[in-house]
Amino acid sequence: MAQAYVKQSLVNQIAFIEFFTPEHNAMPSPILKELAQVIINAGKDETVKVIVLKSGGDRTFCAGASFKELIAIDNLEAGDLFFSGFANVINAMRTCGKIIIGRVQGKAVGGGVGLACATDYCLATKYAAIKLSEISIGIGPFVIEPAVSKKIGATAFSQMTIDAENFYSAEYAKDKGLYANVFETIEELDQAVIKLANKLASYNPEALSELKNVLWQNTENWETLLKERAKISGKLVLSSFTKEKLASYK
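Residues numbered from 1 in each chain as written. Predicted model: local features only at pLDDT ≥ 70, side-chain atom pairs only at ≥ 80, totals over all residues. Heavy atoms only, no water.

Asker: Sorry, what's going on with the environment of Gly106 here?
Answerer: For Gly106, the position within the fold is in the loop between strand S5 (100–104) and strand S6 (107–109). Take Gly106: its relative accessible area is 0%, and that puts it in the buried class. Considering only alpha carbons, one finds Gly106 and Ser55, 51 residues apart in sequence, at a separation of 9.4 Å. Dropping the residues within four chain positions of it, Gly106 is found in contact with Arg59, Thr60, Phe61, Thr125, Tyr127 and Ala128. (Helix = DSSP H or I, 4+ residues; strand = E, 2+ residues; numbered from the N terminus. Buried < 20%, exposed > 50% of the residue type's maximum accessible area, 1.4 Å probe, protein only. Contact = heavy atoms within 4.5 Å.)

Below, the structure is given as structure tokens:
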């Protein structure tokens, strides 16, 4: 079986940051921690002008947090640590100082939707449906909510969260502002991502940095807000309802 990884390649001042796990790109804590650090490092690297966030494989962008790890949580500290994983990545994306282009080739679920929403400009294929399924297993998309609501609005977030077992199409995501454009194939998606990234890399880096600040204004409290949200989910995952629900998936 292929091994999980986070890797970065630098081409023409564009940092391509790619993550992968064999479980449909579901993210365990170590991979989330590594991804956050790679994004932070790219933000500090003066040779990097723009970042492209992508995942390996062609079917799923990200299936959210690792279900295996979720099932194994048995105390508040472990729950808090687990749900802080996506909080740390989103905050790294928010504060890294570089424009981040999202390249979403397939479905995004839960935390994967949060990652897509935390990019500054997101492109996708027609297969990149989205779903917020957390409430159906007794927790909720509390950590990612600020990023999702900021991108698609509170009404769409509420709709997806309550209708938790259905996927919403890539066109829906485009209509709500998550995807700037949707393409028929991965090849067309990659061409558009490269074209945009090269354009951005040719622009004034100081202007891009100031733009990043403007795009994320009024989110300074997220450093504490997302951690507080992680505690909510960390407590809920220990509830008898959630434990019974998770046990049914074993």
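Asker: Just checking my understanding: could you explain the pattern of salt bridges for this structure?
Answerer: Two side chains of opposite charge can pair, provided their charged atoms sit close to one another. Across all of its chains, the model carries 8 salt bridges by this definition. Here Lys54 ties to Glu18 by a salt bridge, and the two come within 3.8 Å at their closest N and O atoms. You can see Lys54 sitting in strand S3 (residues 50–55) and its partner Glu18 sitting in strand S2 (residues 14–20), a full 36 residues away along the chain. Since its relative accessible area comes to 19%, Lys54 is described here as buried. For Glu18, a relative accessible area of 14% gives the class buried. One salt bridge in this structure joins Arg103 and Asp190, with 2.7 Å as the shortest N-O distance. Taken together, the residues span a long stretch of sequence, with Arg103 in strand S5 and Asp190 in helix H8 (residues 186–201) at a distance of 87 residues. (Salt bridge = Lys/Arg side-chain N within 4 Å of Asp/Glu carboxyl O.)

Asker: I tried to follow the sheet that holds strand S9 (residues 181–183) on my own but got confused; where do I start?
Answerer: Hydrogen bonding along the main chain pairs the strands of a sheet, whether they run parallel or antiparallel. Pairing is mixed in the open sheet, where 6 strands are placed in the order S1-S2-S3-S5-S7-S9. Bordering the open sheet on either side are strand S1 (5–11) and S9, each of which pairs with just one other strand. Ignoring which end each strand starts from, the neighbouring axes of this sheet average 20° apart. Against the sheet, helix H1 (residues 29–44) makes contact with S1, S2, S3 and S5, and its axis sits at roughly 20° relative to S1, the strand it touches most. (Pairing = 2+ DSSP bridges. Axes fitted to C-alpha atoms, helices over the stretch in contact; angles between N-to-C directions.)

Asker: Quick question: what am I supposed to make of the nonpolar core here?
Answerer: Nonpolar side chains in soluble globular proteins tend to end up buried together. If you look at the biggest cluster of nonpolar residues, it comprises 65 residues, and the most contacted ones within it are Ile17, Phe19, Leu35, Ile39, Phe83, Ile130 and Tyr179. Every residue in contact with Ile39, bar those within four places of it in the chain, is listed here: Ile17, Val89, Ala92, Met93, Cys96 and Ile100. By size, the runner-up hydrophobic cluster in this structure holds 16 residues, among which are Val52, Ile101, Leu123 and Val193. (Core = buried A, V, L, I, M, F, W, Y, C linked by side-chain atoms within 4.5 Å.)

Asker: Looking at this structure, how should I read a nonpolar patch on the surface?
Answerer: On the surface, Leu211, Val214 and Leu215 cluster together into a nonpolar patch covering about 230 Å² of accessible area. Within the secondary structure, Val214 sits in helix H9 (residues 205–215). (Patch = residues over 30% accessible without salt bridge, like charges linked within 9 Å, V, L, I, M, F, W, Y side chains within 5 Å. Areas by Shrake-Rupley, 256 points an atom, 1.4 Å probe, with all protein chains shown as cover.)

Asker: Got a minute to help me understand the pairing of S3 in this structure?
Answerer: Along any regular strand the residues' side chains alternate between the sheet's two faces. Counting buried residues along S3, 6 of its 6 residues qualify, which places the element largely inside the surrounding structure. Side chains Val50, Val52 and Lys54 of S3 all project onto a buried face; the interleaved residues Ile51, Leu53 and Ser55 project onto the opposite face, where all are buried too. Where S2 meets S3, 6 bridges bridge the pair, whose relative direction is parallel. Note on S3: the bridge partner recorded for Glu18 is Lys54. One crossover worth recording links S2 to the parallel S3 by way of H1, and it is right-handed. Examined bridge by bridge, S3 and S5 share 3 bridges and lie parallel to one another. Its bridge partner lying in S5, Ile51 is registered against Ile100. (Right-handed = clockwise from strand over helix to strand, strands pointing away.)

Asker: Explain the sheet that holds strand S4 (residues 60–62) here, please?
Answerer: One open sheet accounts for 3 strands, arranged S4-S6-S8; its pairing is parallel. Two strands in the sheet have a free side with no partner beyond their single neighbour: S4 and strand S8 (130–131). Here S6 runs beside S8; their pairing, made up of 2 bridges, is parallel. Directly across from Val109, in S8, lies its bridge partner Lys131.

Asker: Whenever I open this one, unusual backbone geometry confuses me. Can you help?
Answerer: With glycine set apart, most residues show a phi of negative sign, and most peptide bonds adopt trans. A positive phi angle is found at His24, which is not glycine, with a value near 55°. As for its position among the elements, His24 is in the loop between S2 and H1. We note that Asn25 has phi near 60°; this positive angle belongs to a residue other than glycine. By the secondary structure assignment, Asn25 is in the loop between S2 and H1.

Asker: What am I meant to see in helix H10 (residues 222–236) here?
Answerer: Between the first and last C-alpha of H10 there are 21 Å, a value that for 15 residues agrees with the 21 Å anticipated at 1.5 Å per step. On its buried face, H10 is in contact with helix H3 (76–95) and helix H5 (145–152). (Expected span 1.5 Å × (residues − 1).)

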